[in-house]
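Chain and residue survey
Listed below, chain by chain, are the residues.
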Amino acid sequence: MQVNGTRVLTYADFVKGLDPKGNFAHRIVELVAKKVEMLDDMTVVAANNGTALETTVRTETPTPVWTTYYGGIPSNKGSKAKIKVSTGRMATKILVDKKLYDDSKDKDAVLEDEISANITGMKNELANAMVYGLLRENPLGINGLFKHYSSYDNDNTDDTDSSHYVLNALGKSGDTSSKGKLGSIALVGWSPNTITAFHPEHSGTGGIEKSDKRVTDIADPDAGGDATYEAYLQYLYWNLGLAVRDYRYGGRICNIQRDKMLTGGLDAAQKYIELIDRISQRVLDDGVKQAWYMDRLMWENVSTLFARVTRQNAVSFQQVDGRKERKLFGIPVRIMDAMKINEAEVQAFTA
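Summarised in this report is the structure supplied together with it. Remember, it's a predicted structure, so these values are computed and weren't measured experimentally.

What counts and how
Residues numbered from 1 in each chain as written. Predicted model: local features only at pLDDT ≥ 70, side-chain atom pairs only at ≥ 80, totals over all residues. Heavy atoms only, no water. Helix = DSSP H or I, 4+ residues; strand = E, 2+ residues; numbered from the N terminus. Contact = heavy atoms within 4.5 Å. Phe/Tyr/Trp six-rings, centres within 6.5 Å; stacked < 30°, edge-to-face > 60°. Buried < 20%, exposed > 50% of the residue type's maximum accessible area, 1.4 Å probe, protein only. Polar contact = N/O pair within 3.5 Å; in protein donor to acceptor, adjacent residues only side chain to side chain. Axes fitted to C-alpha atoms, helices over the stretch in contact; angles between N-to-C directions. Parallel < 35°, antiparallel > 145°, perpendicular 65-115°, else oblique. Left-handed = near helix turned anticlockwise from the far one by under 90°. Nonpolar A, V, L, I, M, F, W, Y, C, P; charged D, E, K, R; others polar.

On to the overall build of the protein chain, then. When its secondary structure is counted, the protein chain shows 7 helices and 19 strands. Within the protein chain, contacts between residues at least 6 apart in sequence are counted, and of these 76% link residues at least 24 apart.

See below:
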């Protein structure tokens, strides 16, 4: 991807160059990249403190003074604070029947067939963690995107807090006229200095590690007794973190009731369109690669709403690498199945 005139790797770029021989790690990660669309956009950088990424944030700017000849000027450096975020470690175990693998003329096909279940699990866990991860619920994981956009600002005037970049769609989890299926739409501007993924400092493979492939005996309880068969065993680890280094480049529309988006006529449709317009204007976009994230039903509703208010020109489609790419205001829309869960109602920010 291109950011500020410099090429910066995304995970999708990174994994394509891991291993031209197509070994276990390369094949697994390549398959994950094809199924988690966020990886097409997500920049990835090296940590700057072991497995942690430290960011220095200016909390107060120096205050200049008005002066005159022979007037003193006091020193004022302002103030800064450091934010430290660490990687989490995701792992999976691959087992492939040794005889089947050795005898096959198309080892890649055998490998893809055998690891399909592992890929599905890794895909789901990665996507869920990047959006909803919370260290307080899983100390071994990571904090996801919505950890940083967890409340909205009723006043909509204080842009020095992340709640300014969260808009409330007014859905209620206790609404008896609705199934209460609350969801969100996210807008993210990826770059190394705004919102980025990161891997351990000295990893040459983007935080992806694999153990040596070895032969082991696997018990077959269906065959009875002490029956075993030989298999190749390999462990795959993915060390990664998410750093929101500048929350102004991300945003969220929360408390959207999916089951009521298309009801209420044009007035209701216009309200949702207005929220999308506002978040696209509010979130900063200079020097980053932006993308929308939502689940499939949310996108169906959004594209239908734009058609209802005769703004179809805001929605477009094109083919990219054999896959249909959706765009809203020229910004790619990524379908995240992990976001189809029913979210808890987001509350207003309280000081």
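So that's the structure; there's more coming.
Before going further, it helps to examine the packing of aromatic side chains. Here the structure, examined in full by the defined rule, presents 4 aromatic pairs. Both rings, one in Tyr-132 and one in Phe-146, keep their centres 5.5 Å apart while their planes meet at 80°; by these two values the pair is edge-to-face. Residue Tyr-132 is found in helix 5 (residues 116–132), and its partner Phe-146 is found in the loop between helix 5 and strand 7 (151–152); the two are separated by 14 residues along the sequence. Judged by its relative accessible area of 17%, Tyr-132 falls in the buried class. Look at Phe-306 and Phe-329: their rings are 5.8 Å apart centre to centre, the planes differ by 80°, and that puts the pair in the edge-to-face class.

Moving on: the side chain of Asn-168. Tracing the backbone through its elements, the reader meets Asn-168 in strand 8 (residues 166–168). Side chain to side chain, Asn-168 and Tyr-152 meet in a polar contact 3.2 Å long. Separated by 2.9 Å, the side chain of Asn-168 and the backbone nitrogen of Leu-170 make a polar contact. Discounting residues that sit within four places of it in the chain, Asn-168 has contacts with Tyr-152, Cys-254, Asn-255 and Leu-275.

Where helix 6 (residues 265–282) contacts helix 7 (residues 296–308), the two axes come as close as 9 Å, and the packing angle between them is 115°. Comparing their axes, helix 7 and helix 6 come out roughly perpendicular. Note that helix 6 runs across helix 7; the crossing there is left-handed. Along the contact surface, helix 6 presents Leu-266, Ala-269, Tyr-272, Ile-273 and Ile-276, while helix 7 presents Val-302, Leu-305, Phe-306 and Arg-308. Classifying every residue of the contact of helix 6 with helix 7 by side-chain character gives 8 nonpolar, no polar and 1 charged.

Function cannot be read off these values alone, since they describe shape.
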